[in-house]
Amino acid sequence: MIGKLQGIVNYIGDGFVILMVNGVGYKVYTAEYLTHKSTVELWIETVVREDSIRLFGFTTLNGQNLFNMLTAVSGVGPKVALAILGTINSDTLMSAIATGDAKTIATAPGVGKKMAEKIIVELKNKVGGVSVSLFASDSGVSNAGGAALPDLLMALEALGYRRLDIIEMAQKLVNQNPTADVSKLIPMALKEISSGK
C-alpha cells in the first residue's frame, strides 16, 4: 500500500495531477493547489473499488484524516469529499461540523443541505475532544468560543457578505475574543473587512 509519494508535478489535470516518482507517473486525485514542475510530498490514500484503484493525495496528514472522516459518512464518496476539501479549508470545516453550521458545508459543489446535515450528525462527536488534536498542528486554531460564530456569520450575511469570503476572518475573531458577544464582534469584523480591502 502506498503511504506517501515524493516527486515532480509533471501534469495538472481537472482534479488530478501526474506525479513523476523515479521515472513512474502516478495519477493522483487532489484538491491541493500544486504548481507545474514543483517537487511535492503527498500523503496518499488508496481507494480500491470493484472497477478501479485510485490514489488521493494530500499535502498534510490532517487533510488525509479529514478525507477519511468524510468518506466514512454514508453517501459521501471520494469525489464529494475532495470537493468539500477543495472549497472549505480544514479549520473552517472542523469548526462548521463542531458548531452544526450546515450552511457552510453546503457551499461545496455537490453538497446539499441534507448531506451537510448528515455530515454534521455523523462527525460531530469525532470532531470534538481528542480528534481535534489530529488537526491542531496545522493552524493552532481552537474551537473555543465557537458559540458566537453562527450568529456573527448570520449578521454579516445579512449585511450582504458571502459566507465563504468571511468565514475564516469571523472564526479567527471569535477565537481571539472568546468572551465577546456578537454585538462586540460585528464592529470588529467590519473593521477587519474594511482594512482587508
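Residues numbered from 1 in each chain as written. Predicted model: local features only at pLDDT ≥ 70, side-chain atom pairs only at ≥ 80, totals over all residues. Heavy atoms only, no water.

For the rest of this paragraph, the subject is the overall build of the protein chain. Across its full length, the protein chain carries nine helices and five strands. The linear arrangement of helices and strands in the protein chain, starting from the amino end, is β-β-β-β-β-α-α-α-α-α-α-α-α-α. By residue count, 39% of the 197 residues in the protein chain fall in the buried class. Of the contacts formed within the protein chain by residues at least 6 apart in sequence, a portion of 53% connects residues at least 24 apart. Accessible area of the protein chain: about 10,600 Å², with a carbon and sulfur share of 54%. (Helix = DSSP H or I, 4+ residues; strand = E, 2+ residues; numbered from the N terminus. Buried < 20%, exposed > 50% of the residue type's maximum accessible area, 1.4 Å probe, protein only. Contact = heavy atoms within 4.5 Å. Areas by Shrake-Rupley, 256 points an atom, 1.4 Å probe, with all protein chains shown as cover.)

The subject of this paragraph is the sheet that holds strand E1 (residues 4-12). Read around the closed barrel, the five strands follow the order E1-E2-E3-E5-E4; overall the barrel is mixed. The average undirected angle you get between the axes of adjacent strands in this sheet is 55°. In the sheet, E1 pairs with strand E2 (residues 16-21) via four bridges, with the strands oriented antiparallel. By the bridge assignment for E2, Tyr11 is matched with Ile18. Across the sheet, helix H2 (residues 78-87) is in contact with strand E3 (24-29), strand E4 (39-48) and strand E5 (53-58); its angle to E5 comes to roughly 15°. (Pairing = 2+ DSSP bridges. Axes fitted to C-alpha atoms, helices over the stretch in contact; angles between N-to-C directions.)

Further remarks concern the pairing of E3. As paired strands, E2 and E3 are joined by six bridges and run antiparallel to one another. Within E3, the position partnered with Val21 by the bridge is Val24. Here E2 folds back onto E3, and the loop between the two strands holds two residues, one of which, Asn22, carries a positive phi near 50°. Here E3 pairs with E5 via two bridges, running parallel.

Close approach of charged atoms allows side chains with opposite charge to pair. Considering all chains together, one arrives at four salt bridges under this definition. For Glu117, the salt bridge identified is with Lys113, shortest N-O distance 3.6 Å. Here the residue Glu117 and the residue Lys113 both occupy positions in helix H5 (residues 113-127), the gap between them amounting to four residues, near one helical turn. For Lys113, a relative accessible area of 59% puts it in the exposed group. Across the pair Arg162 and Asp165 runs a salt bridge, and its minimum N-O distance is 3.0 Å. Here Asp165 falls in the exposed class, since its relative accessible area comes to 54%. (Salt bridge = Lys/Arg side-chain N within 4 Å of Asp/Glu carboxyl O.)

Phi at Asn22 takes a positive value of approximately 50°, unusual for a residue other than glycine. Within the secondary structure, Asn22 is located in the loop between E2 and E3.

The next thing to look at is the nonpolar core. If you look at the biggest cluster of nonpolar residues, it comprises 29 residues, and the most contacted ones within it are Phe67, Leu70, Ile84, Leu93, Ile105 and Ile119. Of all the secondary structure elements, the ones that give two or more residues to this core are E5, helix H1 (61-71), H2, helix H3 (90-99), helix H4 (102-105) and H5. Apart from residues lying up to four places away in sequence, Leu93 is in contact with Leu66, Leu70, Ile84, Leu85, Ile88 and Ile105. Residues Leu149, Ile167, Val174 and Val182 belong to the second largest nonpolar core, which totals 16 residues. (Core = buried A, V, L, I, M, F, W, Y, C linked by side-chain atoms within 4.5 Å.)

Their axes nearest at 10 Å, the elements helix H7 (residues 149-158) and helix H8 (residues 163-176) cross at an angle of 140°. If you check the angle between H7 and H8, you find them oblique. Crossing of H7 over H8 shows right-handed handedness. Contacts from Leu149, Leu152, Leu153, Leu156 and Glu157 of H7 reach H8 at Arg163, Ile166, Ile167, Met169, Ala170, Gln171 and Val174. The class makeup of the residues in the contact of H7 with H8 is nine nonpolar, one polar and two charged. (Parallel < 35°, antiparallel > 145°, perpendicular 65-115°, else oblique. Left-handed = near helix turned anticlockwise from the far one by under 90°. Nonpolar A, V, L, I, M, F, W, Y, C, P; charged D, E, K, R; others polar.)

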